[in-house]
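Next come the chains, spelled out residue by residue.
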Amino acid sequence: MLRRRSVLTAILISYFCILIVPTIAGAAGYKVLEKSLVGNVNKSNYAMLEQARQLTDSRIKEVNRLSLQLAMNANMQWLLTNASSGHGDVQLRLIALMKDMGSFILVNDFLDSLFIYLADRSMVVTPTMQTDQDLYFRKIQHFDHLGDMPQLLSRHNSQKFLSTDVSENGSTQRMLAYIQSLPVEENVNLKGSVVILINEQKILDLLKRIDWDGNSSTFIIDRNGNKLVSSPNQQYVSDELINRLNTGNESFEMDKDGEKLLVSYATGENGWKYVSVVPNEVVMKQIERVKLVFVLLLVVGVFAGIAISFYLAYRNYRPINELIRVIQKRSVTSGAGKMNEFEMINSTLLKSFEEEKTLKTTLEKQAPLIQSNFISRLIKGNVDISSLDQASLDFMQVSLENRSFRVLLIDIEDGKRFMKSETEQELALVRFILTNISMELLEGRGFVVELERNRLAVLEHVQNEPLAGEDDWIFVLKEQSETRFHFNLTIAVSRKQDKPEHIWKCYLEALFALERRVVMGSNTIIFHEPDSGGKGQLYHYPMEFEVLLINYAKTGDYANAVNILTQIYDANFSIGTISPEMSRFLFLEILASLLKVIQASGSEGHFSSALEDPSTYFASCHTASDMLEQVKRLLHDICAAAKDERTDQGERLYVGIRKFVEEHYHDGNLSLTMIADRFGITPQYLSAFFKRYSGKNISDSIAEYRVEQAKRMLADRDLTIGEISRRVGYSNHIGFGRVFKKIEGITPGQYREMKE
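Quick look at the structure, then.

What counts and how
- Residues numbered from 1 in each chain as written.
- Predicted model: local features only at pLDDT ≥ 70, side-chain atom pairs only at ≥ 80, totals over all residues.
- Heavy atoms only, no water.
- Helix = DSSP H or I, 4+ residues; strand = E, 2+ residues; numbered from the N terminus.
- Buried < 20%, exposed > 50% of the residue type's maximum accessible area, 1.4 Å probe, protein only.
- Areas by Shrake-Rupley, 256 points an atom, 1.4 Å probe, with all protein chains shown as cover.
- Axes fitted to C-alpha atoms, helices over the stretch in contact; angles between N-to-C directions.
- Left-handed = near helix turned anticlockwise from the far one by under 90°.
- Contact = heavy atoms within 4.5 Å.
- Nonpolar A, V, L, I, M, F, W, Y, C, P; charged D, E, K, R; others polar.
- Salt bridge = Lys/Arg side-chain N within 4 Å of Asp/Glu carboxyl O.
- Phe/Tyr/Trp six-rings, centres within 6.5 Å; stacked < 30°, edge-to-face > 60°.
- Expected span 1.5 Å × (residues − 1).
- Polar contact = N/O pair within 3.5 Å; in protein donor to acceptor, adjacent residues only side chain to side chain.
- Pairing = 2+ DSSP bridges.
- Parallel < 35°, antiparallel > 145°, perpendicular 65-115°, else oblique.

**Some points on the overall build of the protein**
Each helix and strand counted, the protein has 27 helices and 17 strands in total. A total of 756 residues make up the protein; the buried ones form 42% of that total. Taken as a whole, the protein presents about 41900 Å² of accessible surface, with 52% of it coming from carbon and sulfur.

Printed below as a string of structure tokens:
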């Protein structure tokens, strides 16, 4: 026990030693943390400030470039040098200049607006208008802090920026006005100016990334110390601060009203200074938070390390302790109580080696069962071929080298003639018989395993090149099973694969082939067919067939409804090209048609099994014929219910049709379509309903009624046969005579003579 406790103590001390190293390192690094964090904050703040400077400088360069493009514009040069030209030429040049200005505005979203002041013409030109200078500066745009704009623009201004409030259409915005005198190269003889307005908010948006949650101040001053743009927070901006800003890039601290400020600034290419002022307590507040988190994590880490050390030491010692307990309970070695734990483990291992030989002998006896389990997992793709060594394969007597493979799935469809009842013992006997027959026919070229209660799988070794008669054994297996044992089998055969890693593909192909049992029917041999690339045949279910099926179901005409179903089934499955998926879609659509009839009749309660979950209605059906029989049973119940409900309605419909024929028999347009339109039903349904109800075709019934009326009229000698034919709805006496003779056996004239 002392030795065992010493093992636990040694493990625990080793973990404590490991824990001390990061604890000391963390404590030493804590002092470096504050300085590092302050430096990183300064670097981060300056980096963001420098990034904002670069973005703003690039935008200002775009403004300078745009100003130069406008100054060098051909239309602009012409207007500046041709002050005495005619009004028409001036207008054409102005219109062209306005179009150019408009294109500049469209391609640069940084600009708010721009205009050109032409001093010689006292005119202001914008992308959308040209107007007098007084009208423009008094009524259209008013510059609050710049005073007399014409006077300001008459002075020389070279790439000058001024901050001002601009009033336009009743609203005032803070703008940065860029002014460039024209021509660019002259300082005395000035003829105008280009003015570009930039909304101050767009520059502030570029500076937002260095805003410390509204606790800092950011502003821009030009090379002359004039403030151009500033954030809303102005409490930290002072003349003393501006005076301390030198050229270049720098960071420093300063006091203002007893508060320490951290100032960072960067100088742009145009001499502008970008300044960020942050209270020191704001910066340190975040640093203190990080330091606090660091200390808490360090403390938590130490306590957690101690707890984990105890836990891991106990957990690592516990297997040894449990092993010793097990050995003490089961060991019969003399003097075991005096042994230490390592001696006891050593003694037990030696004894285990002696028992290994006995275990190996036992495993050899179980080799067939292990082989069957391995083949089953191999077929399903649950074996990593690369991890198997040759010794394991030799032990299971399995060879996978230099072979091609295919998989067969054998489903026992029906063995009732062989089995008295489908008990597990009888099914096991059936599987045993099929396994023996298959192994005998394979002649050592494969393995047979049981996958499910009524399914066997065959892993067959085949040649790479197809051989004549290599499939004969499959047909012999099916024939012997049927003739000798009266088994009905469905056999699905995959294609060949030349690598053992792809045996699982053979299994999937066999499963897919087995799915085609829906189309091919059960008790067949189905070979896997390659995918047609998604161009398989769609099912055939025309709308007119659906209408007929619904009408027959509504009227309870089961015989004709089944006839329609048979036609649909033959059209889709006579040549067997429809896929299993399409087969299920077809029967689901037929089921949907019948559900329409159920819902229209209001008898949902009688067909709850079909309405609860239509998607699983055919779950128990394996073949298309099974699904057809399932639909027929549902159709029979629907027709029976409809026949009971519609007996009185059918009588009223039949009487109405007869009355309509008697009232319109003289109309030459009287037809099946005319009557169907009158009663709001389809001609097909009308024809089938009338024949079912009266036993006659409706056309024959109309003809018979017309002949009866004609016979009455033939008694009147004043009426000619032609007049009688028109009165009973025939356009000429020839057609009338043909119908009359067909029904009565004689012509109308002979009938008149016979009556006389």
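**Topic: the packing of helix α16 (residues 543-555) against helix α23 (residues 683-694)**
Across the interface, α16 lies against α23 with an axial gap of 10 Å and an inter-helix angle of 35 degrees. When the axes of α16 and α23 are compared, the crossing they make is right-handed. In this structure, α16 uses L548, N551, Y552 and T555 to contact α23, whose residues at the interface are Q684, Y685, A688 and R692. When grouped by side-chain class, the residues that make up the contact of α16 with α23 number 4 nonpolar, 3 polar and 1 charged.

**Notes on the pattern of salt bridges**
Where charged atoms from two side chains of opposite charge come close, those side chains can pair. Applying the stated criterion across every chain, the model contains 19 salt bridges. Two residues, R431 and E450, come together in a salt bridge whose shortest N-O distance is 3.1 Å. Taken together, the positions of R431 in helix α12 (residues 424-442) and E450 in strand β14 (residues 446-452) put the pair 19 residues apart, joining distant regions of the chain. Take R431: its relative accessible area is 7%, and that puts it in the buried class. The salt bridge partner of K478 is E482, with a shortest N-O separation of 2.2 Å. With K478 and E482 both in helix α13 (residues 472-484), this residue pair falls 4 residues apart, about one helical turn. Overlapping salt bridges bring together R406, R445, E460 and D471 as one network.

**Some details on the packing of aromatic side chains**
A full pass over the atoms with the stated rule returns 18 aromatic pairs. Both rings, one in F115 and one in Y136, keep their centres 5.3 Å apart while their planes meet at 55 degrees; by these two values the pair is tilted. On the criterion of sequence distance, the pair formed by F115 in strand β1 (residues 113-118) and Y136 in helix α4 (residues 133-140) is long-range, its members being 21 residues apart. Relative accessible area serves as the criterion here: at 0%, F115 is assigned to the buried category. With a relative accessible area of 4%, Y136 lands in the buried category.

**Remarks on the side chain of E546**
If you trace the backbone, E546 turns up in helix α16. Classification of E546 as buried rests on a relative accessible area of 15%. Setting aside residues up to four positions removed in sequence, E546 forms contacts with Y541, S593 and K596.

**Looking at helix α26 (residues 733-744)**
Counted at 1.5 Å a residue, the expected span for α26 with its 12 residues is 16 Å, and the 16 Å between its end C-alpha atoms agrees. Listing the buried residues of α26 in full gives G735, F736, G737 and F740. Regarding α26, its N-cap is N732, as a side-chain oxygen of that residue lies 3.1 Å from the backbone nitrogen of I734 further along. At the exit of α26 stands G745, carrying a positive phi of roughly 90 degrees.

**Some details on the sheet that holds strand β3 (residues 130-132)**
Ordered by their spatial adjacency, 7 strands build an open sheet running β3-β2-β1-β7-β6-β5-β4, and the pairing between neighbours is antiparallel. Edge positions in the open sheet fall to β3 and β4 (142-143), since each of these has one partner strand only. Packed on one face of the sheet, helix α2 (residues 74-81) meets β1 and β6 (171-182) and runs near 30 degrees to β1. Relative to the sheet, α4 contacts β1, β2 (123-125), β3, β4 and β5 (160-168), its axis offset from that of β3 by approximately 95 degrees.

**Focus: unusual backbone geometry**
The residue after L182, namely P183, is reached through a cis peptide bond having omega -10 degrees. Positive phi, normally seen in glycine, also occurs at E443, with a value near 55 degrees. Mapped onto the elements of the fold, E443 is located in the loop between α12 and β14.

**Concerning the packing of α16 against helix α17 (residues 558-573)**
The geometry of α16 relative to α17 is characterised by a closest axis approach of 8 Å and an angle of 155 degrees between their N-to-C directions. For the element pair α16 / α17, the angle class is roughly antiparallel. Crossing hand, α16 versus α17: left-handed. For the pair formed by α16 and α17, the contact residues are F545, L548, L549 and Y552 on the first element and N560, A561, I564, L565, Q567 and I568 on the second. Class assignment of the residues belonging to the contact of α16 with α17 gives a composition of 8 nonpolar, 2 polar and no charged.

**Concerning the sheet that holds β14**
Spatial ordering of the open sheet is given by β14-β15-β13-β16-β17, a layout of 5 strands whose pairing is mixed. The two strands at the open ends of the sheet, each matched to only one other strand, are β14 and β17 (525-527). Direction aside, the axes of adjacent strands within the sheet are offset by 20 degrees on average. Alignment of β14 against strand β15 (residues 455-462), held across 6 bridges, turns out to be antiparallel. When the sheet's bridge partners are listed, V449 is paired in β15 with A457. Across the sheet, α13 touches β13 (404-414), β15, β16 (488-493) and β17, and the angle it forms with β16 is around 165 degrees.

Structural measurements only, silent on function.
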